[in-house]
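Breakdown of the fold
Here's the letter readout for the chains.
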Amino acid sequence: MSWELHLLGCWQLDRRGTPQTVGARQQRLIASLALLGARTRRYLAGLLWPESTEEQAASSLRVTVFKIRHQLPGLLADGAEPLRLSDDVHVDVDRLRDGADSALAGTEPAAGLTDLLYAAELLPGWYDDWLLFEQERLRQTRIAALEALARRHLGEGRPEAAVAAAMRAAAIEPLRESAHALVIRGQVRAGNAAGARRTYEDFRRRLAEEMGLEPSTRLAQLVSAEPLENAGARPVTHAAGRHRQPPKEL
């Protein structure tokens, strides 16, 4: 493995385990090729320098490509058109997507990939217009994968693991009802009725404050399901209590 490109958490390029110093323009070109795949020079020039004239953007791209080929030989594939990364470049985002695909297919992600699903943010602090879409797309991929993991854990009788995965999904998108529903289902199955009620009330309050909406009836029913399941035991307790009343004085 010659190159390891990290785009999750922060931008970092390693060659055989040694971090490389890379300029900002080169970083953006490398990141765009890693996320979008092979692209024509004209496309990349317009993408990365949208406020420049066509000639200025093409010139900026030429200089950037020259610096990459000179300073990081072998990172870009041979050939002038289209531009793409070498097959020797391994990108952490690709590993994350593999883990998401495994979760969505109902299988356990490979070792270490669950941690990426839990905490990975794509290039935080970068606000390029083209990247915002990629960041949102990866967030949605993570949410779907985490919810799939939570459902799988519930099916396997592992409610605590289901709660952990669903809470991560809810943290990414706090107003997503499906994620909170999975949290509540896990808490109910783990015997944590009070936690399920708190999760519901916190979500209901936030949804009302930020959107002026109420949770669905379906979500409320998840909270009430647990007490109803145990309702049969309560009359026995009360009945026993009545039998223990002290006898009346004669």
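Residues numbered from 1 in each chain as written. Predicted model: local features only at pLDDT ≥ 70, side-chain atom pairs only at ≥ 80, totals over all residues. Heavy atoms only, no water.

**Focus on the pairing of strand E1 (residues 3-6)**
Sheet topology places E1 next to strand E2 (residues 12-15); four bridges connect them, and they run antiparallel. Paired with His6 across the bridge in E2 is Gln12. In textbook terms, the turn of a hairpin is the stretch between consecutive antiparallel strands, and for E1 and E2 this stretch comprises five residues, one of which, Gly9, has a positive phi near 90 degrees. Across three bridges, the pairing between E1 and strand E4 (residues 89-91) is parallel. In the strand pairing of E4, Leu5 is matched with Val91. (Pairing = 2+ DSSP bridges. Helix = DSSP H or I, 4+ residues; strand = E, 2+ residues; numbered from the N terminus.)

**Observations concerning the packing of helix H2 (residues 41-48) against helix H3 (residues 54-71)**
Contact geometry of H2 with H3 gives a least axis separation of 9 Å together with a crossing angle of 105 degrees. Of the possible angle classes, the one that applies to H2 and H3 is roughly perpendicular. Two secondary-structure elements touch here, H2 through Arg41, Arg42, Leu44 and Ala45 and H3 through Glu54, Ala57, Ala58, Leu61, Arg62 and Val65. Of the residues contributing to the contact of H2 with H3, the split by class is six nonpolar, no polar and four charged. (Axes fitted to C-alpha atoms, helices over the stretch in contact; angles between N-to-C directions. Parallel < 35°, antiparallel > 145°, perpendicular 65-115°, else oblique. Contact = heavy atoms within 4.5 Å. Nonpolar A, V, L, I, M, F, W, Y, C, P; charged D, E, K, R; others polar.)

**As for unusual backbone geometry**
In this chain, Glu81 is followed by Pro82 through a cis amide linkage whose omega measures -5 degrees. The residue Pro82 is located in the loop between H3 and E4 in this model. The phi dihedral of Arg16 is positive, around 50 degrees, even though this residue is not glycine. By the secondary structure assignment, Arg16 is in the loop between E2 and strand E3 (18-19). For Arg16, a relative accessible area of 60% puts it in the exposed group. Even without being a glycine, Leu123 presents a positive backbone phi close to 40 degrees. (Buried < 20%, exposed > 50% of the residue type's maximum accessible area, 1.4 Å probe, protein only.)

**Section: the side chain of Arg142**
Assignment of secondary structure puts Arg142 in helix H6 (residues 129-155). Of the residues examined, Arg142 reaches a relative accessible area of 3% and is grouped as buried. Side-chain polar atoms of Arg142 contact the backbone oxygen of Tyr118, separated by 3.0 Å. (Polar contact = N/O pair within 3.5 Å; in protein donor to acceptor, adjacent residues only side chain to side chain.)

**Some details on the layout of surface pockets**
Estimates place the volume of the largest pocket at around 200 Å³. In terms of lining residues, the largest pocket is bounded by Arg28, Leu47, Leu48, Trp49, Pro50, Glu51, Asp128, Asp129 and Trp130. When contributions to the lining of the largest pocket are tallied by element, the ones reaching two or more residues are H2 and H6. Residue composition of the lining of the largest pocket, by class: five nonpolar, no polar and four charged. Lining the second largest pocket are Met167, Ala170, Ala171, Pro174, His180, Val183, Arg198, Thr199, Asp202, Phe203 and Arg206. If you list the elements that add at least two residues to the lining of the second largest pocket, you get helix H7 (159-172), helix H8 (177-189) and helix H9 (193-211). Along the lines of polarity and charge, the residues of the lining of the second largest pocket split into six nonpolar, two polar and three charged. (1 Å grid on protein atoms, 1.4 Å probe; cavity = no way out; pocket = protein on both sides within 12 Å on 5 of 7 lines; lining within 4 Å. Points joined across faces, edges and corners; volume = space filled by probe spheres on them.)

Taken by themselves, the reported measurements are silent on function.
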